[in-house]
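# Report on the structure
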Amino acid sequence: MSRVLVVTPTFLEAENIEEALRRLRVAVPEADVLVVDDNSPDGTADLADTIGAELGQVEVLRRPTKTGLGTAYRAGFTVGVERGYDVLVQMDADLSHDPAALPSLLRAVDQGADLVVGSRYVPGGSVPHWPWLRRALSKWGNRYAGFVLGTGVADATSGYRAYPADTLKAIDFASTRAKGYGFQIETAYRVWRWGGRIVEVPITFTDRVKGHSKMTWRIAAEELSLVTWWGVRDRVRGRRTRRAAV
Ligand SMILES: Nc1nc2c(ncn2[C@@H]2O[C@H](COP(=O)(O)OP(=O)(O)OP(=O)(O)O)[C@@H](O)[C@H]2O)c(=O)[nH]1
Ligand SMILES: [Mg+2]
């Protein structure tokens, strides 16, 4: 039986964290949870602790300041790998990622995937209710990343994922550098170059109902500039190639 750790980054998610943790426990009772909170002023971390004490298997990693999604995942994965978990999951706390879908991601890991992406842009996946601008940015951002990097992943920016710990070690996740959402693309690109098997499982991404988005133009710009930089760098070095599949 694999030991699973779900890493959930939070900033200002007091309105969502309780339901997220409860639904997660119902969906995957055996999984442990690590909430990585960046000192949310609305008390998200304390709430997570209170509900966690009731549910069990929930821990809160408290960081002093908001330093971005990428750094929160690096911190969470470091803890998970050190503690010897077999599988590490990323899941947003705002209920956009339905905890009930997690078993389908974990099944794909059991079947041998090196990275499982909960995908909006494969048949069966969807993003209902998104305004057209957000939808267009996400879709074309993904197409751009796919074109520049050549990974063939339809939803490389999705933050709903499952990794075998061995994959994270193989790609040296701790040396990734994206602070924000670019982290998703950076890790997917590394897995692809390493020769890992990336499997996309369809998900329905529900737009957040409570709280506010932390997505900003600056974060999107970081993502685009990093993708362009990796693509250009690796083309120049002739390294935009994949190792032979394992
Ligand atoms: N620890 C930490 N968590 C963050 C940070 N930025 C965002 N998050 C969390 O990461 C998850 C995704 O962030 P969101 O703001 O929902 O970003 P999004 O999903 O692109 O945007 P919307 O769903 O449209 O609001 C949520 O659980 C956030 O609370 C951060 O700097 N630090
Ligand atoms: Mg969200």
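Heads up: the structure comes first, above all this text.
These lines cover the structure that appears in this document, whether it is placed above or below. (Residues numbered from 1 in each chain as written. Chains lettered and ligands numbered in written order. Predicted model: local features only at pLDDT ≥ 70, side-chain atom pairs only at ≥ 80, totals over all residues. Heavy atoms only, no water.)

## Some points on the environment of T78
Looking at where T78 falls in the secondary structure, it is placed in helix α3 (residues 69-82). Judged by relative accessible area, T78 falls into the partly exposed class, the value being 33%. Here the alpha-carbon distance between T78 and I51, two residues 27 residues apart in the chain, equals 24 Å. Among the polar contacts listed, one links the side chain of T78 to the backbone oxygen of R74, at a separation of 2.6 Å. (Helix = DSSP H or I, 4+ residues; strand = E, 2+ residues; numbered from the N terminus. Buried < 20%, exposed > 50% of the residue type's maximum accessible area, 1.4 Å probe, protein only. Polar contact = N/O pair within 3.5 Å; in protein donor to acceptor, adjacent residues only side chain to side chain.)

## Section: the site of ligand 1
Around ligand 1 there are 19 residues in total, and E13, D94, R134, Y181 and R208 lie nearest to it. One of the backbone N or O atoms of G68 is found 2.9 Å from an oxygen atom in ligand 1. In the environment of ligand 1, an oxygen atom lies 3.0 Å from a nitrogen or oxygen atom belonging to the backbone of A93. Elements that contribute at least two residues to the shell around ligand 1 include exactly β1 (4-10) and α3. Residue classes in the shell around ligand 1 are distributed as seven nonpolar, four polar and eight charged. (Near = heavy atom within 4 Å. Nonpolar A, V, L, I, M, F, W, Y, C, P; charged D, E, K, R; others polar.)

## A word on the packing of aromatic side chains
A complete count under the given rule lists seven aromatic pairs for this structure. Relative to F183, the ring of Y73 lies with its centre 5.8 Å away and its plane at 10°, an arrangement referred to as stacked. Placement of Y73 in helix α3 and of F183 in helix α7 (residues 182-194) is noted, with a sequence separation of 110 residues between them. The two residues Y73 and F183 agree in class, both being buried. With a centroid separation of 6.3 Å and 40° between ring planes, the pair formed by F77 and F183 is classed as tilted. With F77 in helix α3 and F183 in helix α7, this residue pair connects regions lying 106 residues apart in the sequence. (Phe/Tyr/Trp six-rings, centres within 6.5 Å; stacked < 30°, edge-to-face > 60°.)

## As for the pattern of salt bridges
Under the counting rule described, the total for this entry stands at 15 salt bridges. Among the salt bridges present, the one from R62 reaches D46, with a minimum N-O distance of 2.9 Å. Here the residue R62 occupies a position in strand β3 (residues 58-62), and D46 occupies one in helix α2 (residues 44-55), the gap between them amounting to 16 residues. Under the relative-accessibility criterion, D46 is labelled partly exposed at 48%. A salt bridge links R190 to E186; the shortest N-O distance between them is 3.9 Å. (Salt bridge = Lys/Arg side-chain N within 4 Å of Asp/Glu carboxyl O.)

## Details of the side chain of R74
By secondary structure assignment, the location of R74 is in helix α3. At 4.6 Å, E186 is the nearest oppositely charged side chain to R74, a buried residue that forms no salt bridge. Polar side-chain contacts of R74 include one of 3.0 Å to the backbone oxygen of A178. (Lys, Arg positive; Asp, Glu negative; His and termini not counted.)

## Section: the environment of A27
Among the secondary structure elements, A27 is positioned in helix α1 (residues 17-27). Taking the C-alpha atoms as reference, A27 lies 7.9 Å from A101; in sequence the two are 74 residues apart. Sequence-distant contacts of A27, that is, excluding residues within four places in its chain, are made with P99, A100 and P103. (Contact = heavy atoms within 4.5 Å.)

## Side note on the nonpolar core
Among the nonpolar cores identified, the biggest contains 33 residues, and F77 and L88 are the most heavily contacted of them. At the level of secondary structure, the elements contributing two or more residues to this core comprise β1, β2 (32-37), α3, β5 (115-119), α5 (132-149), α6 (165-170), α7 and α8 (217-236). Top contributing element to this core by residue count: α7, with six residues. When sequence neighbours within four positions are dropped, the list of residues in contact with F77 reads V7, L88, V89, Q90, Y163, L168, F173 and F183. Counting 29 residues, the second-largest nonpolar core is a separate cluster that includes V58, V60, L106 and I203. (Core = buried A, V, L, I, M, F, W, Y, C linked by side-chain atoms within 4.5 Å.)

## Some details on α7
Taking 1.5 Å of rise per residue, 13 residues should cover 18 Å, and α7 covers 18 Å from first to last C-alpha, within 8% of that figure. Within α7, ten of the 13 residues are buried, which leaves the element mostly enclosed by the surrounding structure. Within α7, the full set of buried residues consists of G182, F183, Q184, I185, E186, T187, A188, Y189, V191 and W192. After α7 finishes, the residue G195 shows a positive phi value of roughly 95°. (Expected span 1.5 Å × (residues − 1).)

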